Amino acid sequence: MNIKNNLILALDVGSESEAIDICEKVKESIDTIKIGYPLALAEGLEIIKKLKDKFGFKVICDFKVADIDATNEKICEETFKAGADAIICHGFVGPDSVQACLDVANKYEKELFLLTEMSHPGAKKFLQPAADEIAKMGIKMGITNYVAPATRLDRLQDIRNIVGEDAYIISPGVGKQGGDGKKTLEISNAIIVGRSIYEAENPKEACENLLK
């Protein structure tokens, strides 16, 4: 996935009007947004097409899909039918559940991002011990896109070492969670930034500062 300025906006706001207002302010700096449950639950999956049509953005749906294979298949079907360009799924559920997501992504000629390790402190307890194995599983399955944390650069580097330089890694945790964008991009392909942009008094300026 080609991402402008290696910057993805995590659009975790609660209404269509707020989402449009933020997107208007940052549209010169980005071309890819990440939509999660807050906006999708508030406005329905229709918000994906509305934002794509209005701004021409690529949309990654961060639904962290983590169910049995049959349910994962249905979630991915509805997400891609709604117009998403990519979806994020958890890896801890194992290869059968991940394969269901991958099969649907391939069917729609869309992208799947495999989540190895999350960026918040609590991820250290259960996800971090499994993250390397999740990344190794992804390689065996032929997955080329990964999510790994900007908040722990040593762990991000570990994941990079496993998946290789040709893999595409996007990293959450820059800004409010403490991750450093420049240092992250020495390892990762793109950073994911939410509150530091959409809660800023001047979101456009916040983007520009991240890109300096």
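In this numbering scheme, every chain counts its residues from 1 along its sequence in written order. Under the rules for a predicted model, residues below a pLDDT of 70 receive no local features and side-chain atom pairs below 80 are neither given nor counted, while totals for whole chains, interfaces and linings still include all residues. No hydrogens and no water enter the side-chain calculation; it runs on all heavy atoms of the structure.

Under the annotation held in an unreviewed UniProt entry, the protein carries the name Orotidine 5'-phosphate decarboxylase and is attributed to Methanobrevibacter millerae. You can read under Sequence similarities (unreviewed entry) in the UniProt record for the protein the words "Belongs to the OMP decarboxylase family." In UniProt, the protein has this text filed under Pathway (unreviewed entry): "Pyrimidine metabolism; UMP biosynthesis via de novo pathway; UMP from orotate: step 2/2." UniProt positions are given in the numbering used here, feature names are shortened, and annotations may be inferred rather than shown by experiment.

Attention now goes to the overall build of the protein. Secondary structure elements are defined from DSSP: runs of H or I of at least 4 residues count as helices, runs of E of at least 2 residues count as strands, and each element is numbered from the N terminus. Looking only at helices and strands, the protein features 10 helices and eight strands. Our radius of gyration looks at C-alpha atoms and nothing else; its globule reference is 2.2 Å times the residue count to the power 0.38. The C-alpha atoms of the protein give 16 Å as radius of gyration, which agrees with the globular expectation for 212 residues (17 Å, within 12%). Across its three principal axes, the protein shows a C-alpha extent of roughly 40 × 35 × 30 Å. Each residue is assigned to one of three classes by its accessible area relative to the maximum for its type, calculated with a 1.4 Å probe on protein chains only: buried under 20%, partly exposed between the two thresholds, exposed over 50%. By residue count, 50% of the 212 residues in the protein fall in the buried class.

This part covers the side chain of His90. Looking at the secondary structure, you find His90 in strand β4 (residues 86-90). In this description, contact between two residues means that some pair of their heavy atoms is separated by no more than 4.5 Å. Among residues more than four places away in sequence, those in contact with His90 are Lys64, Val65, Ala66, Val98, Leu114, Leu115, Met118 and Leu127.

Another point: helix α5 (residues 95-107). Helix span, as expected, comes to 1.5 Å for every residue beyond the first. With 13 residues, α5 should reach 18 Å at 1.5 Å per residue; the first-to-last C-alpha distance of 18 Å fits that figure. Buried within α5 we find Ser97, Val98, Ala100, Cys101, Leu102, Val104 and Ala105. Elements in contact with the buried residues of α5: β3 (58-65), α4 (69-81), β4, β5 (111-115) and α6 (123-141). Two residues or fewer past α5, Glu109 is found with a positive phi of approximately 55°.

For the rest of this paragraph, the subject is a negative patch on the surface. Among the surface-exposed residues, Asp69, Glu73, Asp96 and Asp103 lie close enough to one another that they form a single negatively charged patch. Within the secondary structure, Asp103 is located in helix α5. For Asp103, a relative accessible area of 42% gives the class partly exposed. Here the term patch refers to residues with relative accessible area over 30% and no salt bridge, with like charges joined within 9 Å and nonpolar side chains (Val, Leu, Ile, Met, Phe, Trp, Tyr) within 5 Å. Each accessible area value is a Shrake-Rupley result obtained with a 1.4 Å probe; residue values ignore everything except the protein chains displayed when judging cover. Only one rule defines a salt bridge in this text: a Lys or Arg side-chain nitrogen within 4 Å of an Asp or Glu carboxyl oxygen. The charge count treats Lys and Arg as positive and Asp and Glu as negative. His and the chain ends do not count. Throughout, a charge is located at the NZ atom of Lys, the CZ atom of Arg, the CG atom of Asp or the CD atom of Glu.

Before going further, it helps to spend a moment on the sheet that holds strand β1 (residues 7-10). Sheet architecture is closed into a barrel: eight strands sit in the order β1-β2-β3-β4-β5-β6-β7-β8, paired in parallel fashion. The average undirected angle you get between the axes of adjacent strands in this sheet is 25°. Across two bridges, the pairing between β5 and strand β6 (residues 145-147) is parallel. Each residue of the ladder has a partner; that of Leu114, found in β6, is Tyr146. Between the N-to-C directions of two axes lies an angle of 0 to 180 degrees, each axis being a line fitted to C-alpha atoms and, for a helix, fitted only over the stretch in contact. Of the strands in this sheet, β4, β5 and β6 touch α6, which is tilted by about 145° from β5. Strand pairing is defined by DSSP finding a minimum of two bridges between the two strands.

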